[in-house]
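Here is what each chain is made of, one letter per residue.
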Amino acid sequence: MTDAAQRIPLISARGLTKSFGAVRALRGVGLDILPGQVHGLVGANGAGKSTFLNVLAGVVAPDSGELLIDGEPAEIGSPRRAADLGFSFIYQELALVPEFSAIDNMTIGVRPTTPLGLGDARRRKALARGVAERLDLRFPLDKPVRELSIAERGLVAIGRALVSDARFVSMDEPTASLSDVECERLFAIVRELSAAGVAIAYVSHRLDEIEELCDAVTIFKDGQTVASYERGGYTRDELVLGITGARSVQDAIETPDAPVRRDADVVLSVRGLAREPRVRDVSFDVRRGEILGLAGVVGAGRTETLRLLFGADRPLAGEMTLAGSPFRPRSVVDAIARGVALVPEERRSQALVMDESVLFNTKMGGWRAARGVRWLPFVADGRARAAVRTMVERLGVKTASIQSPVRTLSGGNQQKVVFARWLSRDVGIMLLDEPTRGVDIGARRQIWATAEEFAAQGGSVVVVCSELEELAVCHRVVVMVEGRTVGEIEGPGVTEAQMLEAIYTQERTSS
Amino acid sequence: MTLIESPQAAPEVHTRTLASRIGRRTAAILGRYGALIALGALVIVFAIASPYFLTLPNLLQVLNQSALSAIVAGGLTLVLASGQFDLSIGYMVSLSGIIVTILMLQGVPIPVAILIALLAGVVVGIVNGFLVTVLRVNALVGTLGTGSALIGVNYFISGGTPQPVSTQFPEFLQIAIGSWLGIPKPVFYMAGAMLILWIVLNKTDFGRNLRATGGNSEAARLAGVRTGRVTTTAFVVAALFAAITGVLLASSIGSGQPTGGDNYTMSSFAAAFLGSTVLREGQFHILGTLVGVVTVAVGFNGLALVGVPSFVQFLFQGILLIAAVAFSSIGRRLSRE
């Protein structure tokens, strides 16, 4: 503390405010980030963390308040200026150029040393290779990044920050798409940066990480900073209370008391499913009323398995049986017709039309069923509106109106809209891919409750979730390693430790 | 527990902020209503400049001049709303006019000739849809290719010469020339086409699927929309409406002109983009396209009445389009920031 008090904060904010139209995104944000400090920023979605970071990035100009850099009043104003200050930002939605290689993406901000930038290629390559070594990157650096997995792309984004010799790095949900092993690697990198004097703003919904990694943590709520703590100066309950306003840990994280359903009918049976390279040999059964988890590290083939079940890709080998009859979906439409639904991994790019309304997004894909008369192509809008309104109420979607664009909703509420879409159709099996990614604690609980209710009413759920602790909702967990199903853990109450053990004993034997 | 700080500063309003807020509001309004304001301004200016401008015959003339452009641009609006482009429509207009006149000159009954011309539109639409959705050729490139192919077919069957039909087939001219209830016939066709397209886009499940595909085709596909089919249908509608326009154009000038419809590509894109800035933010919609077409027609008509040389009209169309789209995107950015 005395040490910290002597140092001048790299970034010091006082009373920052910012409004977007009628929305007051920041209503008084103040905090200090010291050199070499890992500073956690926590808070529900929409609490103002991202807006604050956008101020530092020079993307958003604050309406009022004071910002000191190295103790001097500063106005950042443009992303270029932020880069000159040595500020580097790793965004939730990774800002990479998909056609560029990892090398080019990492060195995109490196300015040429010669007048025309000639002869810089070698320098760029050397810079990138050096960083790749530090990060222990094990994938080809010269392939277009679109061929990399999401986790690998995340590492490229971190590489970019390292290449630029940043003094300050902001990481927005950096572990959202990482497996536990990769998280550990990321933490090591963060600690290394911190030891080298780089200040880090670390945004995460995962409080474990915050406790483990951060030297200080600041809680955002409704556009304000409500408290800042130093490492060890707070309890988990205090954080949760600060974030949610009321809930305790027990309430915030679901506590399943699910009975095992060994006797229930098998609804979906998968045998030897394969589509190289990601899916090699996947077999499991899902029963009526069951929530089945697929556990594994990133790259284990979980998402790809769900895509096969949903007809988004076609398997090259293997058999599936749905409700007793063969199931070979040739398209998404086929799968949906058989009552299979997917809540995809990337909400913005795969699930929603951001500029369209809650009503539109809920009904998307189901407008044909919303016809007034079946053989006439006209939509019965009144009925559709009423149905969506009921569904929005049932799922507790917080929106000004069902006519509001979904882009104005928080991440959790957007996800509920995707659930509303499937729940208003005739669905027997829900495939959930990272359903709680980028969702705050309160909404997370509601999302799991929705899945539980769906199963309790006779539906079946197959869920992929990288936050293993949340898979505790499952009745049973199937463990996947390198595209194969390697084991099952019976619930209820499957623990993170059980899953990790299953994953890592397999990894050891398979390598 | 060590509480480092809990800073809460009273928000202070800078005068600079207030000024920029007013600027922002203005920009947002200009973005949303800019095209309508421009239309209103043009009407006022021309009304002052020329006493003839606001007379009924002249206004009907403006609508008449809008009619054919509106039908092509309306069809194109569906393709644009699905997130694609169609650069071949102008050439489709020309080809359809050539097909219908040549068939008539060959002795094919008029209704059959028209039907075949429209069928050609459907075929071209299917080809465009196939290129874009199955072969996954970029729409700009693919429809540029079909457009060029259409010119080739056109010159092959016409020999590049006009196909006059006015003397042999006066009844064919009756389709587009003349008026009902004192209103030129093309205006009725335009109204009918716009009404149908408006209903398709706004009241049918196909229209919703089209918007979903245009908004985020991957999300639409994963929600169960048959995006390929939807996009192809949009291309078919666009080419069909272009073919209809070709027939009407041939009827109104009494001749099939090998390049008679080529300019519709540019004018309908201009109208649709201009229209995308009307009321809705950057979304293509039928009413907007109609406003776009009429705005351009008012400009052309007014400039001609004032006696400005015709090259200025094209300058005007270009500047109007760029200004409207620029204002719209600035307005959208500011209102969202």
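Shown above is the structure to which this text applies.
A quick note: this is a predicted structure, and the numbers were derived from the prediction, not measured. (Residues numbered from 1 in each chain as written. Chains lettered and ligands numbered in written order. Predicted model: local features only at pLDDT ≥ 70, side-chain atom pairs only at ≥ 80, totals over all residues.)

1. Some words on the sheet that holds strand 7 (residues 168-172) of chain A
Residues and elements named next belong to chain A.
Line of reasoning, step 1. Across the sheet, six strands lie side by side as 6-7-8-3-9-10; this open sheet has mixed pairing. Strand pairing shows two members of the sheet lacking a second neighbour, strand 6 (87-90) and strand 10 (224-230), which therefore form its edges. Between one strand axis and the next, the sheet turns by 15° as a mean value, whatever way the strands run.
Line of reasoning, step 2. Set on the sheet, helix 2 (residues 49-56) makes contact with strand 3 (38-42), strand 6, strand 7, strand 8 (199-203) and strand 9 (216-221); between it and strand 7 the angle comes to about 150°.
Line of reasoning, step 3. Contacting strand 3, strand 7 and strand 8, helix 7 (residues 180-195) crosses the sheet at an angle of about 150° to strand 8. (Pairing = 2+ DSSP bridges. Helix = DSSP H or I, 4+ residues; strand = E, 2+ residues; numbered from the N terminus. Axes fitted to C-alpha atoms, helices over the stretch in contact; angles between N-to-C directions. Contact = placed C-beta atoms within 7 Å.)

2. So, the pairing of strand 14 (residues 317-322) of chain A
All names here are of chain A.
Line of reasoning, step 1. Two strands pair when backbone bridges link them, and strand 11 (residues 266-275) and strand 14 are joined in this way by five bridges, in the antiparallel orientation. Bridging across to strand 14, R271 finds its partner in E319.
Line of reasoning, step 2. Turn length for the strand 14-strand 15 (residues 325-326) hairpin, with the two strands adjacent in sequence and antiparallel, is two residues, and the turn residue A323 shows positive phi of about 50°.

3. Observations regarding the pairing of strand 20 (residues 484-490) of chain A
Residue and element names in this part refer to chain A.
Line of reasoning, step 1. Of the strand pairs in this sheet, strand 19 (residues 476-481) and strand 20 are connected by six bridges, and their pairing is antiparallel. Directly across from M480, in strand 20, lies its bridge partner T485.
Line of reasoning, step 2. Connecting strand 19 to the antiparallel partner strand 20 that follows it, the hairpin turn spans two residues, and E482 within it adopts a positive phi of roughly 45°.

4. A look at the environment of V59(A)
All names here are of chain A.
Line of reasoning, step 1. Note on placement: V59 falls in the loop between helix 2 and strand 4 (64-69).
Line of reasoning, step 2. With 17 C-beta atoms counted inside 10 Å, the residue V59 sits in the partly exposed group.
Line of reasoning, step 3. Placed 18 residues apart in sequence, V59 and G77 show a C-alpha to C-alpha distance of 7.1 Å. (Buried ≥ 20, exposed ≤ 12 C-beta atoms within 10 Å, placed from the backbone.)

5. A few points about the packing of helix 5 (residues 120-135) of chain A against helix 6 (residues 150-163) of chain A
Residues and elements named next belong to chain A.
Line of reasoning, step 1. The N-to-C vectors of helix 5 and helix 6 enclose an angle of 120°; their axes lie 9 Å apart at closest approach. Viewed along their axes, helix 5 and helix 6 adopt a mutual orientation that is oblique. By crossing handedness, the relation of helix 5 to helix 6 is classed as right-handed. Contact residues: helix 5 offers L127, A128, V131, A132, R134 and L135, while helix 6 offers L155, I158, G159, L162 and V163.
Line of reasoning, step 2. Its residues placed into classes, the contact of helix 5 with helix 6 shows nine nonpolar, one polar and one charged. (Parallel < 35°, antiparallel > 145°, perpendicular 65-115°, else oblique. Left-handed = near helix turned anticlockwise from the far one by under 90°. Nonpolar A, V, L, I, M, F, W, Y, C, P; charged D, E, K, R; others polar.)

6. What about helix 7 of chain A?
For an α-helix the count is 3.6 residues per turn, leaving residues at separations of three or four pointing the same way.
Residue and element names in this part refer to chain A.
Line of reasoning, step 1. Compared with the 22 Å implied by 1.5 Å per residue over 16 residues, the 22 Å span of helix 7 between its first and last C-alpha is a close match.
Line of reasoning, step 2. Those residues of helix 7 not exposed but buried are E182, C183, L186, I189, V190, L193 and S194. In a view along the axis of helix 7, the buried residues occupy a sector of 135°, so they form one face of it. Exposed side chains of helix 7 directed beyond 90 degrees from the buried face belong to E184, A188 and A195.
Line of reasoning, step 3. The inward-facing, buried residues of helix 7 abut strand 3, helix 5, helix 6, strand 7, strand 8 and helix 8 (207-213). (Expected span 1.5 Å × (residues − 1). Arc of directions from axis to C-beta.)

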